[in-house]
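# Topology and contacts: notes
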Amino acid sequence: MTRKIYAGNVAIGGGAPITVQSMTNTDTRDVEATSAQIQRLADAGCDLVRVSVYDQSCAEAVRALVDRSPVPLVADVHFDHRLAIAAVENGIAKLRINPGNIGGEKNVRALADCVKAHRVPVRVGVNGGSLEKEILAKYGGVTAEGLVESALWHARLLEDCGWGEIALSMKASGVRLTVDAYRLGAKQCDYPLHLGVTEAGGPGMGNIKSAIGIGALLLDGIGDTIRVSLTGDPEPEVAAGIDILRALRLRGVDIVSCPTCGRTGIDVVGIAEQVLKATASIKTTMRVAVMGCVVNGPGEAREADLGISGGKDSGVLFVKGAEPRPVRGDLAAILIEEIEKYRNIREAQ
Ligand code: SF4
């Protein structure tokens with residue numbers, strides 16, 4: 001089990017639900033545009049939003065961004081501990097900074113004292129593209145061992161200055177290397193792990209690379225928070241991240257719907273689409289089946305928490321713990337109503 005840290009009121013690690021992160025691509029100093037994008041990301045289901053803090057004006061903008069944000073914010077800082085300290089003093093909930101490249105022990109100590117006083121966790125984020133020269137030389141290029149060694153080295157600098165609320169990421173642009181690095185890292189420390197395949201490309205291939213890399217690790221029980229990295233607008237990153245969690249039945253509604261064929265007796269496509277839309281913001285984990293006929297329908301529907309299966313001119317509704325019952329009329333509306341009831345019961349437990 002990893003150690004638990006808190007970014008504002010969001011727990012990361014230690015068995016907490018896996019969170020979805022994204023990052024703004026507006027000019028951080030443009031508070032209007034950046035706040036609007038943060039709001040859109042939060043509305044899409046993002047749990048934590050990161051903003052780049054690359055100069056003093058960005059660090060000053062953090063105050064207004066934090067005040068307006070519905071979710072905790074993370075400041076992404078490189079090389080300059082003074083910007084990190086300013087962001088923390090302006091209310092940032094978490095930092096991403098690598099202590100090994102902020103100018104030596106004196107600066108690490110100043111940073112550690114500040115984050116400790118404000119109880120702000122730090123993510124050490126190592127990327128294949130920016131590994132230290134010594135590590136590249138030692139391992140002959142970017143390797144899983146090198147990524148892990150670098151991440152642990154940065155983290156140790158902060159631990160040595162008295163602050164252990166640390167998360168790690170060890171991202172590479174290759175899926176296999178990313179998975180190898182996290183698997184190795186998970187064996188060597190109990191820091192919560194922030195998963196992601198970096199520079200994965202645009203939506204489409206980027207989603208596939210992320211689903212394979214992040215998904216493989218989550219299936220291993222590795223990973224506490226995720227970020228799908230896509231070129232362009234960040235909102236699709238959130239949808240992709242949530243879909244990975246849904247697919248693995250770690251968060252939200254996993255819809256099992258058949259591909260349809262000549263036997264299909266109900267409007268599987270329409271019902272599945274309506275259920276998808278109606279359940280997009282549900283975080284409670286559940287499985288909902290929408291099946292076209294009696295061949296596989298009852299079996300899948302019975303295995304799910306709720307399900308509907310096509311019959312002749314009607315459907316059969318399955319709800320866990322209840323007898324299946326025939327239903328007619330607006331089958332999507334009937335199923336969605338049952339999902340809501342089921343969700344209320346689960347959330348009250
Ligand atoms: Fe066809 Fe029935 Fe399978 Fe759906 S569940 S694809 S309708 S056989």
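Use the structure listed above.
Residues numbered from 1 in each chain as written. Predicted model: local features only at pLDDT ≥ 70, side-chain atom pairs only at ≥ 80, totals over all residues. Heavy atoms only, no water.

Let's shift gears to the overall build of the chain. When helices and strands are tallied, the chain shows 12 helices and 15 strands. Relative to the globule expectation of 20 Å for 349 residues, the C-alpha radius of gyration of the chain, 23 Å, shows essentially globular dimensions. Along the first, second and third principal axes, the C-alpha set of the chain runs to 75 × 45 × 35 Å. Within the chain, buried positions represent 54% of all 349 residues. Of the contacts made within the chain by residues no fewer than 6 positions apart, 63% connect residues no fewer than 24 positions apart. When the accessible area of the chain is evaluated, it comes to approximately 15300 Å², of which 51% is carbon and sulfur surface. (Helix = DSSP H or I, 4+ residues; strand = E, 2+ residues; numbered from the N terminus. Rg over C-alpha atoms; globule rule 2.2 N^0.38 Å. Buried < 20%, exposed > 50% of the residue type's maximum accessible area, 1.4 Å probe, protein only. Contact = heavy atoms within 4.5 Å. Areas by Shrake-Rupley, 256 points an atom, 1.4 Å probe, with all protein chains shown as cover.)

Turning to the site of the ligand, a few remarks are in order. The environment of the ligand is formed by C258, P259, T260, C261, R263, T264, M291, G292, C293 and N296. Looking at side-chain class alone, the shell around the ligand contains five nonpolar, four polar and one charged residues. (Near = heavy atom within 4 Å. Nonpolar A, V, L, I, M, F, W, Y, C, P; charged D, E, K, R; others polar.)

Attention now goes to unusual backbone geometry. With glycine set apart, most residues show a phi of negative sign, and most peptide bonds adopt trans. Of note, the phi angle at R249 is positive, near 60°, even though the residue is not glycine. Mapped onto the secondary structure, R249 falls in the loop between helix 9 (235-247) and strand 11 (253-257). Notably, T260 is not glycine yet its phi reads approximately 75°, a positive angle. Mapped onto the elements of the fold, T260 is located in the loop between strand 11 and helix 10 (268-278).

Attention now goes to the sheet that holds strand 11. Strand order in the open sheet formed by five strands is 11-12-13-14-15, with mixed pairing between adjacent strands. Only two strands of the sheet have a single neighbouring strand rather than two, namely strand 11 and strand 15 (325-327). The average undirected angle you get between the axes of adjacent strands in this sheet is 25°. Pairing between strand 11 and strand 12 (residues 286-291): five bridges, direction parallel. Paired with D254 across the strands is R287, a residue of strand 12. Against the sheet, helix 12 (residues 331-348) makes contact with strand 12, strand 13 (306-310), strand 14 (315-319) and strand 15, and its axis sits at roughly 165° relative to strand 12, the strand it touches most. (Pairing = 2+ DSSP bridges. Axes fitted to C-alpha atoms, helices over the stretch in contact; angles between N-to-C directions.)

A word on the environment of T284. Mapping T284 onto the fold places it in the loop between helix 10 and strand 12. Here the alpha-carbon distance between T284 and V253, two residues 31 residues apart in the chain, equals 7.1 Å. Excluding residues that lie within four positions of it along the chain, T284 makes contacts with G252, V253, R343, R346 and E347. A distance of 2.7 Å separates a polar atom in the side chain of T284 from a polar atom in the side chain of E347. (Polar contact = N/O pair within 3.5 Å; in protein donor to acceptor, adjacent residues only side chain to side chain.)

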